[in-house]
Amino acid sequence: MSPTVAAAISPGTELPLFPKNFIRQCAEYILSQQLESGCIPWFDGHHADPWDHVEAAMGLSIAGEYDAAEKAYAWLAAEQLEDGSWWAAYKNGEVDNRERRESNFVAYVATGIWHHFLITGDRESLSRFWPMVEKALNFVLALQSEHGDIQWAVDGRGEPMRDALITGCSSIYKSFECGIQIAEALGKPASNWKVARSKLGYALREMPERFDRTWESKARFSMDWFYPVLTGVFEDGDARARLRLKWDEFVVAGLGCRCVSDEPWVTVAESCELTMALVAAGEVSRAEEIYRGLHRWQDRDGGYWTGYVFRDDAIWPEEKTTWTVGAMLLAADALAGLTPASTLFTRVALLDTPQDAERLDHLHQLELSGS
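Residues numbered from 1 in each chain as written. Predicted model: local features only at pLDDT ≥ 70, side-chain atom pairs only at ≥ 80, totals over all residues. Heavy atoms only, no water.

**Structural notes on the packing of helix α8 (residues 222–230) against helix α11 (residues 268–280)**
Interhelical geometry of α8 versus α11 gives an angle of 40° and a closest axis separation of 8 Å. Here α11 runs oblique to α8, going by the angle between their axes. Two packed elements cross with a definite hand, and for α8 against α11 that hand is left-handed. Contacts between α8 and α11 involve S222, M223, W225, F226, Y227, V229 and L230 on the former and, on the latter, E270, E273, L274, M276, A277 and A280. (Axes fitted to C-alpha atoms, helices over the stretch in contact; angles between N-to-C directions. Helix = DSSP H or I, 4+ residues; strand = E, 2+ residues; numbered from the N terminus. Parallel < 35°, antiparallel > 145°, perpendicular 65-115°, else oblique. Left-handed = near helix turned anticlockwise from the far one by under 90°. Contact = heavy atoms within 4.5 Å.)

Printed below as a string of structure tokens:
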């Protein structure tokens, strides 16, 4: 049964950044959903997908649950296909969706593994998972077009599905950054990834025509708005200008960030990711204001409800997803500096080299249809 939802929080209301025992409660919730295999489904009885699985695993690393996080990454290593990819979804120890393999899902493991290393400093673990990261990013690299954009998926037969997503490619941009840092930490070659990242960044900044070519524009999704800031495609003044541009379109004062601009639905994970994007852009006060109000959606078991339909004052869907809890922990870390990985999504840790620049010649599964 849904909890009673409080009224919108007025701007300036002083709330704690996070409540007492917040980190422990979040960790316990993710652990309660993690399977013996290491897989972390969305919630009990639901499927897991590689991207959201990693998001939850990063939450475990922040909470100090290192063994559980490594168990999550070991599950991914065991399920990885020969070409370096994963299927779109897994359930009850089986593949649940063989229709496609999504490039941003595959790449995200590099972000998770680097995040875990930043926190633990465990070089042995980093080395152990290197082959998985290398195969995953090389799979993604093969889907890059001559223009720099990366095809969003391959179909069940392995044929590229030829179009690109701003949010997906932005996530891949950060994953390449993390993969490059893993390679450099281990003394491995990464020049191809450096060039690929530079080309991808150029496409995201300068070639909007390369995205949403064969379907309706995804611009109504808030992630297309803030993900290029969250992942470092845009920085500093450019980042602040991008966030100002659609602020009123996506942000509901006192509630958080809409998932899509034309629906009365704010979601906790998107609000957390916007929080981190704001920190990256130097807008810390705004970030704190949004984040402080999200704890009203925590349930007694430590989980967070996915979203809220403010038109109807109703929780929707009535699901507490593990990746939402992971996002809450990541945003808390970005705001409070809880771990050595706190700046992963708020600062770009490597710069494009001149050689890379010279070579630039050239949902969310949930969508509100009604309450």
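What follows picks up the thread again.
**Concerning helix α5 (residues 123–141)**
Between its first and last C-alpha, α5 extends 25 Å over 19 residues, near the 27 Å set by a 1.5 Å rise per residue. When the local axis directions of α5 are compared, the greatest deviation, roughly 45°, occurs at F129, which is followed within four positions by the proline P131. Turning to α5, its buried residues number three or more, namely S125, L126, F129, W130, M132, V133, A136, L137, F139 and V140. Near the N-terminus of α5, the side chain that reaches the backbone nitrogen of E124, with its oxygen 3.1 Å away, is that of D122. (Expected span 1.5 Å × (residues − 1). Bend = angle between axes of the 7 residues up to and from the residue. Buried < 20%, exposed > 50% of the residue type's maximum accessible area, 1.4 Å probe, protein only. Polar contact = N/O pair within 3.5 Å; in protein donor to acceptor, adjacent residues only side chain to side chain.)

**Points about the nonpolar core**
Core analysis: the largest hydrophobic core is formed by 116 residues, its most contacted members being Y73, I113, F176, W225, F226, L274 and Y291. Apart from residues no more than four positions distant in its own chain, Y73 is found in contact with H53, V54, A57, M58, G112, I113, H116, F129 and M132. Counting 5 residues, the second largest nonpolar core, distinct from the first, contains F221, C259, V260 and V309. (Core = buried A, V, L, I, M, F, W, Y, C linked by side-chain atoms within 4.5 Å.)

**Some thoughts on the environment of D155**
Secondary-structure assignment places D155 in strand β4 (residues 153–155). Given a relative accessible area of 15%, D155 falls into the buried group. Contact partners of D155, with chain neighbours within four places excluded, come to E99, R100, R101 and M161. Of note is the side chain of D155, whose polar atom sits 2.9 Å from the backbone nitrogen of R157.

**With respect to the confidence of the model for the protein**
Taken over all residues, the pLDDT of the protein has a mean of 92, while the share at 70 or more is 91%. Overall, residues 353–371 carries pLDDT values under 50, and its contacts beyond four positions in sequence, including any with other chains, amount to 39 contacts. (pLDDT = per-residue confidence, 0-100.)

**Here we look at the packing of α8 against helix α9 (residues 236–245)**
Look at α8 against α9: their axes get within 10 Å of each other, and the N-to-C directions meet at 165°. On the basis of the axis angle, α8 is roughly antiparallel to α9. The two elements α8 and α9 meet at a crossing, and its hand is left-handed. Across from D224, W225, F226, P228 and V229 in α8, the residues of α9 making contact are A239, R242 and L243. Of the residues assigned to the contact of α8 with α9, the class counts are 6 nonpolar, no polar and 2 charged. (Nonpolar A, V, L, I, M, F, W, Y, C, P; charged D, E, K, R; others polar.)

**Considerations on the sheet that holds strand β8 (residues 265–267)**
Here we have 3 strands laid out as an open sheet, ordered β8-β9-β10, and antiparallel in their pairing. Bordering the open sheet on either side are β8 and β10 (314–315), each of which pairs with just one other strand. In the sheet, strand β9 (residues 307–309) pairs with β10 via 2 bridges, with the strands oriented antiparallel. Bridged to V309 within β10 is A314. (Pairing = 2+ DSSP bridges.)

**As for the packing of aromatic side chains**
One pass over the full model with this rule turns up 15 aromatic pairs. Ring plane angle 85° and centroid distance 6.5 Å describe the contact between F22 and Y304, whose orientation is recorded as edge-to-face. In this pair, F22 sits in helix α1 (residues 22–33) while Y304 sits in the loop between α12 (284–292) and β9, placing the two residues 282 residues apart along the sequence. Owing to a relative accessible area of 1%, F22 belongs among the buried residues under this scheme. A ring pair is formed by W225 and F250, whose centres lie 5.2 Å apart and whose planes are at 20°; its orientation type is stacked. (Phe/Tyr/Trp six-rings, centres within 6.5 Å; stacked < 30°, edge-to-face > 60°.)

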